[in-house]
Amino acid sequence: MAEYDVLTIGNAIVDIISRTDDAFLERETIQKGGMTLIDAERAEHLYGAMGPAIETSGGSAGNTVAGLVSLGGTGAYFGKVSNDQLGEIFAHDIRSLGVHFATTPLEGHPPTARSMILVTPDGERSMNTYLGACVELGPEDIDPAIVAAAKVTYFEGYLWDPPRAKQAIVEAAGIAHANGREVAMTLSDSFCVHRYRDEFLELMRTGTVDIVFANESEAMSLYETETLEPALDRLAADVKRFAIVTRSEKGCIVLDGETRITVAASPVDQVVDTTGAGDLFASGFLRGYTSGLDHEKSARLGVAAAGHIIGQIGPRPQTPLDRLPDVAAILAG
């Protein structure tokens with residue numbers, strides 16, 4: 001079995017991305033900047049109401065492993081699709097990147113997940129997600145050999161929405177730790193944190209999770225604080241290994257015990273679409289971390305990857321990131 005830098009586990013989703021304005025969000029009562037779970041009927045309605053769109057494979061953890069391999073890393077992915085057209089699109093896309101993806105597809109209903117993503121002129125994305133086949137991800141989809149072969153197993157907090165996925169994550173974490181590997185999670189978004197605050201804290205405090213990725217709003221939501229500083233203190237105390245808090249144009253902060261490392265954001269000419277910014281930050285950081293770079297250089301790689309992705313439409317890199325001069329310079333050490 002080949003060794004992988006990172007195994008990611010997530011909701012396998014095809015993104016349907018369209019530009020719109022704030023008035024459309026208001027008419028459709030869409031929560032700006034968040035991820036809202038919707039049913040099949042609502043998905044069909046929004047699809048019909050949206051303007052011209054592009055379809056691309058997405059899902060938070062899928063985006064992260066796509067970014068990781070674009071940065072020259074090796075990755076594997078667990079996620080559930082259905083045996084339908086969108087499922088075939090997702091599987092083709094992720095395998096074509098060189099990611100190991102062998103999760104058995106679901107036969108029949110429900111169909112492959114899709115997310116209607118509305119991008120407003122300020123670059124903010126508002127996601128409306130029908131989970132579909134994602135809810136069927138379970139312990140039987142965890143391949144112990146792949147988990148044992150991955151330096152880091154990384155999963156998205158969004159997986160706490162489909163119930164059987166929780167069992168799958170706990171099983172994967174046990175396998176990873178039994179083989180001397182590490183487990184990382186992203187808190188996904190502040191609404192997700194609000195739904196599962198106590199469970200996320202338990203994952204951290206019991207050592208089920210070693211590494212945590214969060215943004216400012218997620219960190220404050222986790223500890224129900226109105227300012228960032230107390231949330232940082234508590235997060236540093238709760239996480240087993242270390243945590244990273246991203247701050248958009250302010251860069252990021254790495255929390256490792258009592259040590260804090262602040263890294264500035266990469267300059268960006270124009271913010272086109274923030275979809276996938278946090279996912280690609282995780283790609284960069286994990287690529288650096290699993291190749292032996294220190295926290296500061298890993299964080300610089302993360303902000304560089306995030307900076308490039310928000311300059312394009314969609315969350316998957318359109319240009320190999322390891323060929324970009326700023327990225328290549330960091331990877332060279």
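Reading the values: the criteria
- Residues numbered from 1 in each chain as written.
- Predicted model: local features only at pLDDT ≥ 70, side-chain atom pairs only at ≥ 80, totals over all residues.
- Heavy atoms only, no water.
- Axes fitted to C-alpha atoms, helices over the stretch in contact; angles between N-to-C directions.
- Helix = DSSP H or I, 4+ residues; strand = E, 2+ residues; numbered from the N terminus.
- Parallel < 35°, antiparallel > 145°, perpendicular 65-115°, else oblique.
- Left-handed = near helix turned anticlockwise from the far one by under 90°.
- Contact = heavy atoms within 4.5 Å.
- Nonpolar A, V, L, I, M, F, W, Y, C, P; charged D, E, K, R; others polar.
- Pairing = 2+ DSSP bridges.
- Phe/Tyr/Trp six-rings, centres within 6.5 Å; stacked < 30°, edge-to-face > 60°.
- Buried < 20%, exposed > 50% of the residue type's maximum accessible area, 1.4 Å probe, protein only.

Quick look at the packing of helix α3 (residues 60-70) against helix α10 (residues 277-290)
The N-to-C vectors of α3 and α10 enclose an angle of 45°; their axes lie 8 Å apart at closest approach. With respect to each other, α3 and α10 are oriented oblique. Taken as a pair, α3 and α10 cross one another with a handedness that is right-handed. Contacts between α3 and α10 involve Ser60, Asn63, Thr64, Gly67 and Leu68 from the former and Asp279, Leu280, Ala282, Ser283, Leu286 and Arg287 from the latter. Residues belonging to the contact of α3 with α10 are distributed by class as follows: four nonpolar, five polar and two charged.

Some thoughts on the sheet that holds strand β8 (residues 125-130)
On the basis of which strands lie adjacent, the open sheet formed by five strands has the order β3-β8-β7-β2-β4 and mixed pairing. Lying at the two open borders of the sheet, with one neighbouring strand each, are β3 (35-37) and β4 (53-57). Looking at each pair of strands side by side, their axes are set apart by 20° on average, direction ignored. For strand β2 (residues 13-19) and strand β7 (residues 113-119), the ladder comprises seven bridges, and the chain directions are parallel. Across the sheet, the residue bridging to Ile13 is Ala113, located in β7. The strands touched by helix α2 (residues 40-49) are β2, β4, β7 and β8; relative to β7, the strand with the most contacts, the crossing angle is about 40°.

Some points on the packing of aromatic side chains
Tallied over the entire structure, the rule returns twelve aromatic pairs. A centroid spacing of 5.7 Å and a plane angle of 50° characterise the contact between Tyr77 and Phe101, whose relative ring orientation is tilted. You can see Tyr77 sitting in strand β5 (residues 75-78) and its partner Phe101 sitting in strand β6 (residues 100-101), a full 24 residues away along the chain. Classification of Tyr77 as buried rests on a relative accessible area of 0%. Taking the relative accessible area as the measure of exposure, Phe101 reaches 4% and is therefore buried. Aromatic pair Phe90 and Phe101: ring centres 5.9 Å apart, planes at 70°, arrangement edge-to-face. In this pair, Phe90 sits in helix α4 (residues 85-96) while Phe101 sits in strand β6, placing the two residues eleven residues apart along the sequence.

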